[in-house]
Amino acid sequence: MSVELTLPVSVDLHGGAFNAAPFGTGDLPAIFALEQRSHSHPWTLENLRSSLTSHTCVGLQYQGEWVAHAVLSFVVGEAELLLFVIDKNWQGRGLGTLFLEMLAQAAKQKAQTLFLEVRASNAAAVALYEKVGFNQVGVRPGYYPAGSRREDALLYALDLTFWSADS
Ligand SMILES: CC(C)(COP(=O)(O)OP(=O)(O)OC[C@H]1O[C@@H](n2cnc3c(N)ncnc32)[C@H](O)[C@@H]1OP(=O)(O)O)[C@@H](O)C(=O)NCCC(=O)NCCS
């Protein structure tokens, strides 16, 4: 089910203004390009397109260009972050923290818990999730293909009931 989130219109980082907005069919070429250049295991265009009808798809724009995107699902009080990507050129500058905290704040209106899965080797993502307050709640051994081998998926949860960006 696609759930509408109330997001701040604009947030500041390093003196620049980032606008949060849902993305739609017309934005797919730009979002797909961002996905391909920034994500080591990019979603297909078809994955992104089908998410538009079944999930909540939002992103951040800077000076009219998409610089981050995320896909979330909502089911009876639970939210799941299915995709979370910061533009390669913006990584490591705090934008991931800002966008994730914004999404958690918005998801709080619709869900008690925000879940996600991450590749065990994705050190930057694991560090970001733990910094924001997610706790590891499980592991799926060998869940992801990794070349000719497999790697574990780590399951993380954020209890939104007691969470705030300031805590
Ligand atoms: C993972 C990702 C979202 C992080 O976004 P970001 O904007 O770079 O994150 P931030 O700059 O806010 O950094 C947040 C924390 O992550 C950690 N971090 C960031 N880059 C890191 C790196 N290259 N190595 C290790 N830790 C890193 C740091 O702990 C950092 O906190 P600190 O600056 O206070 O030390 C981004 O790298 C990305 O989009 N990667 C490709 C897509 C992806 O893997 N998505 C997640 C799975 S779907």
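Look up: the structure comes first, before these words.
**Q** Before we go on, may I ask you to explain the overall build of the protein chain in this structure?
**A** What the protein chain contains, in helices and strands, is four helices and eight strands. Order of helices (α) and strands (β) in the protein chain, N terminus to C terminus: β-β-α-α-β-β-β-α-β-α-β-β. The C-alpha radius of gyration computed for the protein chain amounts to 15 Å, which stays within 12% of the reference 15 Å derived for 167 residues, consistent with globular compactness. With respect to the principal axes defined by its C-alpha atoms, the protein chain has extents near 40 × 35 × 35 Å. Taking all contacts inside the protein chain whose residues are at least 6 apart in sequence as the whole, residues at least 24 apart take part in 60%.

**Q** Looking at this model, I keep getting lost on the environment of Ala-68. Mind explaining?
**A** Note on placement: Ala-68 falls in strand S4 (residues 65-75). When the 27 C-beta atoms within 10 Å are taken as the criterion, Ala-68 is described as buried. C-alpha of Ala-68 to C-alpha of Ser-10: the two residues are 58 residues apart in sequence and 14 Å apart in space. If sequence neighbours within four positions are ignored, Ala-68 has contacts with Gly-59, Leu-60, Val-85, Ile-86, Asp-87, Leu-95 and Phe-99.

**Q** Would you mind showing me how to read the site of the ligand here?
**A** Within the structure, the ligand sits among 21 residues, and Gln-91, Gly-96, Thr-97, Ala-124 and Ala-127 are positioned closest to it. When contributions to the shell around the ligand are tallied by element, the ones reaching two or more residues are strand S5 (78-86), helix H3 (95-107) and helix H4 (123-132). A total of six residues in the shell around the ligand trace back to one element, the largest contributor, which is H4. Grouping the amino acids of the shell around the ligand by side-chain chemistry returns 11 nonpolar, eight polar and two charged.

**Q** Explanation requested: the pairing of strand S2 (residues 16-22) in the structure shown.
**A** On a regular strand, each side chain points to the face opposite its neighbour's, so the side chains alternate between the two faces of the sheet. Where strand S1 (residues 10-13) meets S2, four bridges bridge the pair, whose relative direction is antiparallel. Within S2, the position partnered with Leu-13 by the bridge is Gly-16. Linkage of S1 to S2, two consecutive antiparallel strands, is achieved through a turn of two residues, within which His-14 is found at a positive phi near 50°. Where S2 meets strand S3 (residues 56-62), five bridges bridge the pair, whose relative direction is antiparallel. What sits directly across from Phe-18, in S3, is Tyr-62.

**Q** Looking at this structure, I do not really get the nonpolar core. What am I missing?
**A** Most often, soluble globular proteins keep nonpolar side chains buried together rather than apart. Counting residues in hydrophobic clusters, the biggest one holds 39 residues, and the most contacted among them are Ala-70, Phe-99, Leu-103, Ala-107 and Leu-114. Put simply, the parts of the chain that give this core at least two residues each are S2, helix H1 (28-38), S3, S4, S5, H3, strand S6 (113-119) and strand S8 (149-159). Broken down by element, the residue count for this core peaks at eight residues, all from H3. Setting aside residues no more than four positions away along its own chain, Leu-114 makes contact with Ala-79, Leu-81, Ala-104, Ala-107, Leu-158 and Leu-160.

Cut-offs used in this document
Residues numbered from 1 in each chain as written. Predicted model: local features only at pLDDT ≥ 70, side-chain atom pairs only at ≥ 80, totals over all residues. Helix = DSSP H or I, 4+ residues; strand = E, 2+ residues; numbered from the N terminus. Rg over C-alpha atoms; globule rule 2.2 N^0.38 Å. Contact = placed C-beta atoms within 7 Å. Buried ≥ 20, exposed ≤ 12 C-beta atoms within 10 Å, placed from the backbone. Near = placed C-beta within 6 Å. Nonpolar A, V, L, I, M, F, W, Y, C, P; charged D, E, K, R; others polar. Pairing = 2+ DSSP bridges. Core = buried A, V, L, I, M, F, W, Y, C linked by C-beta atoms within 7 Å.

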